[in-house]
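# Analysis of the macromolecular model
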Amino acid sequence: WFSACLSQRSPLPPRRRAPRRLRRRTARSASAAARRATPCTCTPTPASPPSASPARLPKAELVRLSQTLSLVPRLHWLLVEDAEGPTPLVSGLLAASGLLFAHLVVLTPKAQRLREGEPGWVHPRGVEQWNKALDWLRGRGGAVGGEKDPPPPGAQGVVYFADDDNTYSRELLEEMRWTRGVSVWPVGLVGGLRFQGPQVQDGRVVGFHTAWEPNRPFPVDMAGFAVALPLLLAKPNAQFDSTAPWGHLESSLLSHLVDPKDLEPRTANCTWVLVWHTRTEKPKMKQEGQCSSRGRGGGHFCHQIRG
């Protein structure tokens, strides 16, 4: 039945009408707009070493993400570097983004870092950085750039954990503004499936469409939920557990915040996919070394290239 509600025969409006629906929401009264929550988008990213090449992958991903976020009004970007201090690359990118941002840094302990060649499931990525963002929102830590202070008490915000390599629709960031507790939606291209996410009946989440460990407390992807800021502030001990088993990182946070039956389905009762779990392929630059060894590395010209 769940796949049927995603088909073209669904009684819900066709996907092409989404821009019209967005315009209607945007045109609501100023008082209603003021009550909508501000998305606080938290992104962990590794630091780039000083010797990084112009094609350095993190910068390419951050440029792409920042330009998506710049299309969304009233958005706050919390960017957390995995480093001992801020790097010029990330600081410069944030300063040029035009976004309201807070630049945070925290170094992942060596014991929790992936070694060369290790699969990603050995250690979950971004745990220290996401928890650093939660600490800042709760007034427990300072920022090294951008906004120094967290939103004031009573601020209406919604917190979203956005990896830098996913693909996000602008409409998703508008949808999450209406979150009262924890809102959920499907995520595309994840878990060996076209999509995975909540199954909804009569406006309530009744199960999850997933192929891997469906009995997890919350079988959702990190990109598939958002949390109201007042709820996070009311639960000061809720955070991600770096020791959680593979695939249970999301549950380690959500179990402290909400009961599964109280999840709020968004994106037309979870029938629209508005975020995709894409991953950028690691660039192959073996020719760089060959050119340098043959004296064709570009010399002074290469040092003039910025990026």
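Residues numbered from 1 in each chain as written. Predicted model: local features only at pLDDT ≥ 70, side-chain atom pairs only at ≥ 80, totals over all residues. Heavy atoms only, no water.

### Some thoughts on the packing of aromatic side chains
Going by this rule: Each pair of aromatic rings taken from Phe, Tyr and Trp, with Trp reduced to its six-membered ring, is defined by centres within 6.5 Å and is described as stacked if the planes are under 30 degrees apart, edge-to-face if over 60, and tilted in the remaining cases. Elements are defined by DSSP. Helices are runs of H or I of four residues or more, strands are runs of E of two residues or more, and each kind is numbered from the N terminus. The cut-offs for exposure are 20% and 50% of the maximum accessible area for each residue type, with area from a 1.4 Å probe on protein chains only; residues under the lower value are buried, those over the upper are exposed, and the others partly exposed.
All told, the structure shown has six aromatic pairs when counted by the stated rule. Aromatic pair F161 and F240: ring centres 5.0 Å apart, planes at 85 degrees, arrangement edge-to-face. Of this pair, F161 sits in strand β5 (residues 157-161) while F240 sits in the loop between α8 (229-234) and α9 (249-254), and the two are 79 residues apart along the sequence. Judged by relative accessible area, which is 1%, F161 ranks as buried.

### Looking at the UniProt feature "site: Interaction with galactose moiety of substrate glycoprotein" (unreviewed entry) in the protein chain
As a reminder, the rule being used: UniProt positions are given in the numbering used here, feature names are shortened, and annotations may be inferred rather than shown by experiment.
Cross-referencing UniProt, the feature "site: Interaction with galactose moiety of substrate glycoprotein" (unreviewed entry) maps to Q287 in the present numbering. Positionally, Q287 belongs in helix α11 (residues 286-293). We classify Q287 as partly exposed; its relative accessible area is 44%.

### Considering helix α5 (residues 88-97)
Put simply, the rule reads: What the arc describes is the spread of directions from the helix axis to the C-beta atoms.
For α5, the complete set of buried residues consists of V90, L93, L94 and S97. Down the axis, α5 shows its buried residues gathered within 95 degrees of arc, on one side only. For α5, the exposed residues lying more than 90 degrees away from the buried face are P88, A95 and A96.

### So, the sheet that holds strand β1 (residues 38-46)
Strands pair in a sheet through their backbones, by hydrogen bonds, and they do so in one of two ways: parallel or antiparallel. Note the threshold: Following DSSP output, two strands are said to pair if at least two bridges run between them. Contacts are assigned to residue pairs that have any heavy atoms within 4.5 Å of one another. Where helices are involved, their axes are fitted lines through C-alpha atoms of the stretch in contact, as for all axes, and angles between N-to-C directions lie from 0 to 180°.
Reading across the sheet, the eight strands line up as β4-β3-β2-β1-β5-β11-β7-β12 and stay open at both edges, with mixed pairing between neighbours. The open sheet terminates on both sides in strands that have one partner only, identified here as β4 (145-146) and β12 (264-265). Taken together, the seven bridges between β1 and strand β2 (residues 76-82) define a ladder with parallel strand orientation. When the bridges of β2 are listed, C40 appears paired with H76. Packed on one face of the sheet, helix α6 (residues 127-137) meets β1, β2, β3 (100-105) and β5 and runs near 135 degrees to β2.

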